[in-house]
Amino acid sequence: MAGMRITNVADAVKQQPLIPSQQNSVVMMRVKNSQSSGDRHSQSKSMVLQESDFFQIPILRHRRNQSQHSVSGGGASAFELSLDLKSEYLNMAKISEGGKKQRKNWTLIWTVLTSEQLQFYKEKPRETGSKAGGKADVVQLCGAIIEWTTEKSSRKNVFQITTYTGNQYLFQADSYSTASLWYNAIRQTIDSSTKAGEGLVLRRANSTENLPRHSSLPGYTSASPITKQRNPLHRRSMNMFGSSKLKHSTSDGSDKSSVKNRLRKFISRRPSMQTLQDKGLIKDRVFGCHLLTLCQRERTTVPRFIQICVNTVNKRGLEVDGIYRVSGNLATVQKLRYIVDQEEDLDLDHPQWEDIHVITGALKMFFRELPEPLFPFCFFQQFVDAIKIKDPKLKVQAMKKLIEQLPKANQDTMKLLFSHLQRVLACSKKNLMSTQSIGIIFGPTLMWPELDTGNMAINMLYQNHIVEFILIKCQDIFNLDRK
């Protein structure tokens, strides 16, 4: 440039640095004074630097790495960079806070990744440079753990972030590429933010339990020399204990064989079921017991419980609306069943059995829990064939002949029950019970096939018709006195 000369003379004028260099140095320029005002004007113009002459500003990721001191000699302070590395809408759910689980609730939220944390906003900023509104939460990434997960959610492309305080967050994107980009960016941010804190121990909030260290944390993959030296010794000790277990295996086998011998002797010497029953240590149940076995034990042809229930209903239940159709309180029915099974004195006139539907419910339960129904399995198909006979007289004769072939306990119990149900039917104007309703109730209760052949609806239809027909022809079949 004409009329201008840059020298290192003593009377040069110091200029402030325009751009700080990477080592926080100062650009020093010394210019010799010109004689004319025109020269000074041209000199001032020539000192304006072009954009190509600027130093490159390095992008600093951490505020603590930036210079916060005054520039030596110039008095100018360095500036800090607070950059948003990434921002986008993501699905986020907070599943744990301080180690305590929370209900998972996915929310579409504007997520901003900075150099040290994740920031969540409800809305995306509309204008350039404006802050997003509705700040919801902030996740500190220093010492955090990030990993892909498929167990915490049924959604795809889900990764989890666990902070050093024990908070857990789930993030999800619709596309794998978007989720992968976010995962890698957050992973790099976590790696860079935890380099300065190598001794950081991750703990849950309000807990002494250490969180597992992630592969991104220092010291995860690298083992100390002491640890490497101890590994062979550890292996040797494990081999030593393993060999000792092998040595003792023979003695353990002999001990087990002796235990087996003792168990065999104990089982062979144990008393029989009949002996325990004779001593009164084991009592036979009433509910669920075979009809013939129960009658033999009670030395009768009709179980005592059935007789008591029938007599009670005959006294105070014949005119009750919906008798045998209305269900009693199940808890009270189970209580009555327990008392009967314990062979305690049963008094159905007690106030606790005031509800007649409890007694009828227990009676129906007794028949349903018989191992073999009142109509034995071997007679089921024969009764079905008999009900198909069209001639009424032949049908009655066939039914009567089949019932006479039944065991004595079955015959007498059936005769008592159907004569009682005929008395219930005689009061149908008050209790509103018909032959059809009684057949529907007692059909599946008194008979069912031994093997379910798949014709449940057809079998149920025949069951109802058989009970209904026997109820109508009860006097002819059982030779009852006509009144």
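Everything that follows concerns the structure shown earlier in this document.
Residues numbered from 1 in each chain as written. Predicted model: local features only at pLDDT ≥ 70, side-chain atom pairs only at ≥ 80, totals over all residues. Heavy atoms only, no water.

J.: It is not clear to me how the pairing of strand S8 (residues 168-172) should be interpreted in this structure. Could you clarify?
T.: Remark: a regular strand shows side chains that alternate across the two faces of the sheet. With 5 of 5 residues buried, S8 lies mostly within the body of the structure. Side chains Gln 168, Leu 170 and Gln 172 project from S8 onto one buried face, and the interleaved Tyr 169 and Phe 171 project onto a second face that is buried too. In this structure, strand S1 (residues 86-97) lies alongside S8, joined through 5 bridges in antiparallel fashion. Counted as the bridge partner of Ala 93 is Leu 170 from S8. Examined bridge by bridge, strand S7 (residues 158-162) and S8 share 5 bridges and lie antiparallel to one another. (Buried < 20%, exposed > 50% of the residue type's maximum accessible area, 1.4 Å probe, protein only. Helix = DSSP H or I, 4+ residues; strand = E, 2+ residues; numbered from the N terminus. Pairing = 2+ DSSP bridges.)

J.: Explanation requested: a nonpolar patch on the surface in the structure shown.
T.: Taken together, the side chains of Val 259, Leu 263, Phe 266 and Ile 267 present a nonpolar region at the surface, about 410 Å² in accessible area. Along the polypeptide, Ile 267 turns up in helix H3 (residues 225-269). (Patch = residues over 30% accessible without salt bridge, like charges linked within 9 Å, V, L, I, M, F, W, Y side chains within 5 Å. Areas by Shrake-Rupley, 256 points an atom, 1.4 Å probe, with all protein chains shown as cover. Salt bridge = Lys/Arg side-chain N within 4 Å of Asp/Glu carboxyl O.)

J.: Looking at this structure, I do not really get the pattern of salt bridges. What am I missing?
T.: The final tally for this structure, using the stated rule, is 8 salt bridges. Between Lys 94 and Glu 97 there is a salt bridge whose closest N-O contact spans 3.7 Å. Its relative accessible area of 18% is what places Lys 94 among the buried residues. A salt bridge links Arg 325 to Asp 321; the shortest N-O distance between them is 3.9 Å. Of the residues examined, Arg 325 reaches a relative accessible area of 42% and is grouped as partly exposed. Judged by its relative accessible area of 43%, Asp 321 is partly exposed.

J.: So what exactly am I meant to see when it comes to the environment of Gln 422 here?
T.: Examined against the element boundaries, Gln 422 turns out to sit in helix H11 (residues 408-426). The class for Gln 422 is partly exposed, based on a relative accessible area of 22%. Remark: the alpha-carbon pair of Gln 422 and Ile 438, spanning 16 residues in sequence, is separated by 9.9 Å. Among residues more than four places away in sequence, those in contact with Gln 422 are Leu 471, Ile 472, Cys 474, Gln 475 and Leu 480. (Contact = heavy atoms within 4.5 Å.)

J.: Explanation requested: the packing of helix H13 (residues 435-446) against helix H14 (residues 456-472) in the structure shown.
T.: When two helices pack together, you describe them by how their axes are tilted relative to each other and by the distance separating the axes. Their axes nearest at 8 Å, the elements H13 and H14 cross at an angle of 125°. With respect to their mutual orientation, H13 and H14 come out oblique. Two packed elements cross with a definite hand, and for H13 against H14 that hand is right-handed. Counted together, Thr 435, Gln 436, Ile 438, Gly 439, Ile 440, Phe 442, Gly 443 and Pro 444 of H13 and Met 460, Gln 463, Asn 464, Val 467, Glu 468, Leu 471 and Ile 472 of H14 form the full contact between these two elements. Here the contact of H13 with H14 is built from residues that sort into 8 nonpolar, 6 polar and 1 charged. (Axes fitted to C-alpha atoms, helices over the stretch in contact; angles between N-to-C directions. Parallel < 35°, antiparallel > 145°, perpendicular 65-115°, else oblique. Left-handed = near helix turned anticlockwise from the far one by under 90°. Nonpolar A, V, L, I, M, F, W, Y, C, P; charged D, E, K, R; others polar.)

J.: Even after reading the chapter, I still don't get the nonpolar core, so can you show me in this structure?
T.: Burial of nonpolar side chains together is a common tendency in soluble globular proteins. Phe 375 and Phe 418 are the most contacted members of the largest nonpolar core, which has 65 residues in total. Not counting residues within four places of it along the chain, the set of residues in contact with Phe 375 comprises Phe 383, Met 414, Phe 418, Leu 446, Met 447, Ile 466 and Ile 470. Among the nonpolar cores identified, the runner-up in size contains 20 residues, and Phe 120, Ala 173, Ala 179 and Tyr 183 belong to it. (Core = buried A, V, L, I, M, F, W, Y, C linked by side-chain atoms within 4.5 Å.)

J.: Would you take a moment to explain the side chain of Gln 117 for this structure?
T.: For Gln 117, the position within the fold is in strand S4 (residues 117-121). Among the polar contacts listed, one links the side chain of Gln 117 to the side chain of Gln 140, at a separation of 2.9 Å. Once residues lying within four places of it in the same chain are set aside, the contact partners of Gln 117 are Val 112, Val 138, Val 139, Gln 140 and Leu 141. (Polar contact = N/O pair within 3.5 Å; in protein donor to acceptor, adjacent residues only side chain to side chain.)

J.: Looking at this structure, I do not really get unusual backbone geometry. What am I missing?
T.: In terms of backbone geometry, most residues other than glycine have negative phi values and most peptide bonds are trans. Its identity is not glycine, yet Tyr 324 carries a phi of approximately 70°, on the positive side. For Tyr 324, the location among the structural elements is in the loop between helix H6 (304-316) and helix H7 (330-341). With a relative accessible area of 2%, Tyr 324 lands in the buried category. The phi dihedral of Leu 432 is positive, around 60°, even though this residue is not glycine. Among the structural elements, Leu 432 can be located in the loop between helix H12 (428-431) and H13.

J.: Looking at this model, I keep getting lost on helix H8 (residues 356-368). Mind explaining?
T.: In an α-helix, one turn spans 3.6 residues; hence positions three or four apart end up facing the same way. Between its terminal C-alpha atoms H8 stretches 19 Å, which fits the 18 Å expected from 13 residues at 1.5 Å a residue. Its buried side turned inward, H8 meets helix H5 (291-298), H6, H7, H11 and H13. With a side-chain oxygen lying 3.1 Å from the backbone nitrogen of His 357, the N-terminal cap of H8 falls on Asp 355. (Expected span 1.5 Å × (residues − 1).)

As far as function goes, none of this settles anything; it's purely spatial.
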